[in-house]
Every structure is written in structure tokens, then in C-alpha cells.
Amino acid sequence: MPLCGPPLPRILLNNVSCMRNAQLILRNINVSIHDGGALVLTGANGAGKSTFLRMIAGFSRPSAGEILWNGHDITSSGVFEQFKLQLNWLSLKDAIKERLTVLDNVQWFEVLEGKSGKSLKALEFMGLGRLANEKARMLSMGQRKRLQLARLLAIDRPIWLLDEPSVALDDEGVKLLEHIISDHRKKGGIVFVATHLPIEVEDAMILRLPQRFPRRKTMVDLLS
Ligand SMILES: Nc1ncnc2c1ncn2[C@@H]1O[C@H](COP(=O)(O)OP(=O)(O)OP(=O)(O)O)[C@@H](O)[C@H]1O
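Basis of the calculations
- Residues numbered from 1 in each chain as written.
- Predicted model: local features only at pLDDT ≥ 70, side-chain atom pairs only at ≥ 80, totals over all residues.
- Heavy atoms only, no water.
- Helix = DSSP H or I, 4+ residues; strand = E, 2+ residues; numbered from the N terminus.
- Buried < 20%, exposed > 50% of the residue type's maximum accessible area, 1.4 Å probe, protein only.
- Contact = heavy atoms within 4.5 Å.
- Phe/Tyr/Trp six-rings, centres within 6.5 Å; stacked < 30°, edge-to-face > 60°.
- Patch = residues over 30% accessible without salt bridge, like charges linked within 9 Å, V, L, I, M, F, W, Y side chains within 5 Å.
- Areas by Shrake-Rupley, 256 points an atom, 1.4 Å probe, with all protein chains shown as cover.
- Salt bridge = Lys/Arg side-chain N within 4 Å of Asp/Glu carboxyl O.
- Axes fitted to C-alpha atoms, helices over the stretch in contact; angles between N-to-C directions.
- Left-handed = near helix turned anticlockwise from the far one by under 90°.
- Nonpolar A, V, L, I, M, F, W, Y, C, P; charged D, E, K, R; others polar.
- Expected span 1.5 Å × (residues − 1).
- Pairing = 2+ DSSP bridges.

Looking at an unreviewed UniProt entry, the protein chain carries the name ABC transporter domain-containing protein, with the source organism given as Aristolochia fimbriata.

Right, dumping it as C-alpha cells:
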């Protein structure tokens, strides 16, 4: 009878460090995530949260250590091509085309993905159904964030990289965000969230990145 060990983590960061501009931003990070897992990154401004997400997305390479997906180094050619198709990235740059309608702004990504039929439902779910045929330039900041979240739902890739996803959302928007994260994980999806604002991500691993420089006194210290 073959011996079965525990399943490989879907994503494993093995002693990963990352330098930018000759500065060490992330040092010896070890994380393993299985399907349905979530990692919440917190830390002060400049601590390296976005750098962490960018590294997972393959925009910057680890300067030491390795990131494994299904046991394979994501920076290897061939592997990265497959790995990047698993990723769905949400950042503060929203890539919204002002002159297109709200619906087109989601459908465009869905079509690029070779998929169809989910965009309108996703917008309705995010509370933007009645604005679907309006030009995107009409949207408020929070509505733009909801549009980005509708894209996540329409594209439907397994690994979500969310950089400050709750910024600009109202209470209902945050609840929807928490709901779609939970739902995605129930289907086996993986979620990385970098955030300053409290959002509820059940049973998530929390990685608090250390402050990188000793903090000088600020106006806030002087006032308190
Ligand atoms: N393109 C870049 N080139 C060089 N250094 C960079 C670059 N982008 C960010 N950094 C540096 O990397 C460090 C970490 O930045 P990062 O954006 O990852 O922090 P963060 O934790 O996401 O911060 P915030 O909470 O302000 O969004 C900062 O010191 C920043 O100056």
C-alpha cells in the first residue's frame, strides 16, 4: 500500500527575503497555505505589505529563498506561465476605463479570460446593477472599489491578492467583501490580504510585518 504523507501546501514561502533599491524589505518569511487558506498582512506604512503581494504576483523576485506553487519554484520558466493564470490581483490602481460603461469595465476582463455570463451578476451582487450601463467616470471611490471586486467574481481565478481591498468601502461594502472572501475560500480559493483596516477573515493566518526603521517622533506623539 503506498504511503501518503500530508498534502503539499498549495503555496509555500521558504525563507524568503526581498531587497529593493539595495534595502532589505522582507526578511526570512516562511508561510504555507493550503486550498481554502488565507493570509492577512498587516504592518506600518512602508513595512512591505505591497512588496510581499508583488513578489507573489511575480512582479519582483525574492532575493533569497523560494516561493513554491504545488512544490515548483514560481520563478522557473514554464511554472510562472501557469502560476500567473491562477492569480487575481486587486490594487489601489483600479485600471478602470472612464469612458467605458461599468458593465464593459468588468466584461472586458471576463472576455480576456475567455469567459462570459458572470459580469452583470457580479455587479448586481456588489450593488452596482443599476449603474451597469452608466459610464465608469460617474462612479464614486467606493463604487470603483465595488467594481474591482465584481471583476474578481467575474474572472473567478483561485488565488486572490488583495491590496487594501476595503479602502473607500462603506460598512455594507466591507460586509460584502468579507462575504466574497469567505465564499471564495469555501470553494477552495486562497486569499492574501494586505490591509490597515480591520476586516474579518475567519481563521486567517496573520503576518504582522515589522516596522523597518525606528520611528521618529511625529506630530501625533507631540500632540498626545
Ligand atoms: N518601486 C520601488 N522601488 C524601490 N523601493 C520601493 C518601491 N516600491 C516600494 N519601495 C519601498 O519598499 C518599502 C515597502 O513598501 P511597500 O509599498 O511594500 O509597503 P507597504 O507596507 O505596502 O506600505 P503602505 O502601508 O504604505 O501601503 C518602502 O520603504 C518603499 O519605499
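After presenting the structure, the write-up continues.
Visitor: I'd love a proper account of the environment of K135, names of residues and values included.
Guide: Relative to the helices and strands, K135 resides in the loop between α4 (119-125) and α5 (141-155). Judged by its relative accessible area of 35%, K135 falls in the partly exposed class. The contact partners of K135, leaving out residues within four places of it in the chain, are E98, R99, L100, T101 and V102.

Visitor: Tell me about the side chain of T51, and please be specific about residues and values.
Guide: Along the chain, T51 turns up in helix α1 (residues 49-56). Those residues in contact with T51, other than ones at most four positions away along the chain, are C18, R20, I25, L26 and S60.

Visitor: Please set out the packing of aromatic side chains residue by residue, giving values where relevant.
Guide: With the rule as written, the count across this model stands at three aromatic pairs. Pairing F59 with W89 gives two aromatic rings, centres 5.6 Å apart and planes at 85°, and the pair type is edge-to-face. Here W89 lies in strand β6 (residues 87-90) and F59 lies in the loop between α1 and β4 (64-69), a separation of 30 residues in the sequence. Its relative accessible area of 30% is what places W89 among the partly exposed residues.

Visitor: Explain a nonpolar patch on the surface to me, and be specific about the residues and the numbers.
Guide: A surface patch of nonpolar side chains, about 250 Å² in accessible area, is lined by L92, V167 and L197. Relative to the assigned elements, L197 resides in the loop between β8 (190-194) and β9 (205-208).

Visitor: Please provide a residue-by-residue account of the packing of helix α3 (residues 102-112) against α5, values included.
Guide: Running from N to C, α3 and α5 cross one another at 35°; their axes reach a closest spacing of 9 Å. Both α3 and α5 take part in a crossing whose hand is right-handed. Along its contact with α3, which presents V102, N105, V106, F109 and E110, the element α5 presents L147, A150, R151, A154 and I155. Classifying every residue of the contact of α3 with α5 by side-chain character gives seven nonpolar, one polar and two charged.

Visitor: Lay out α5 in plain terms, naming residues and giving numbers.
Guide: Spanning 15 residues, α5 covers 21 Å between terminal C-alpha atoms, matching the ideal 21 Å at 1.5 Å per step. Of all the 15 residues making up α5, 12 are buried; the element is thus mostly covered by neighbouring parts of the structure. Looking at α5, one finds that the buried residues are G142, R144, K145, R146, L147, Q148, L149, A150, R151, L152, A154 and I155. Contact partners of the buried residues in α5: β6, α3, α4, β7 (159-163) and α6 (171-186). In the segment just after α5, D156 is the residue with positive phi, at about 55°.

Visitor: So what's going on with the pairing of strand β3 (residues 38-42)? Residues and values would help.
Guide: The buried fraction of β3 is high, at five of five residues. Here β3 runs beside β8; their pairing, made up of four bridges, is parallel. Paired with L39 across the bridge in β8 is F192. The sheet contact formed by β3 and β9 spans four bridges and is parallel.

Visitor: Outline the pattern of salt bridges, supporting the account with residue identities and numerical values.
Guide: One pass over the structure, following the stated rule, counts eight salt bridges. Put simply, D170 and R146 hold a salt bridge, and the shortest N to O gap is 2.9 Å. Taken together, the residues span a long stretch of sequence, with D170 in the loop between β7 and α6 and R146 in helix α5 at a distance of 24 residues. The salt bridge involving E172 is made with R146; its shortest N-O contact spans 2.7 Å. Within this pair, whereas E172 is found in helix α6, its partner R146 is found in helix α5, the two being separated by 26 residues in sequence. Connected through shared salt-bridge partners, D94, E98 and R144 make up one network.

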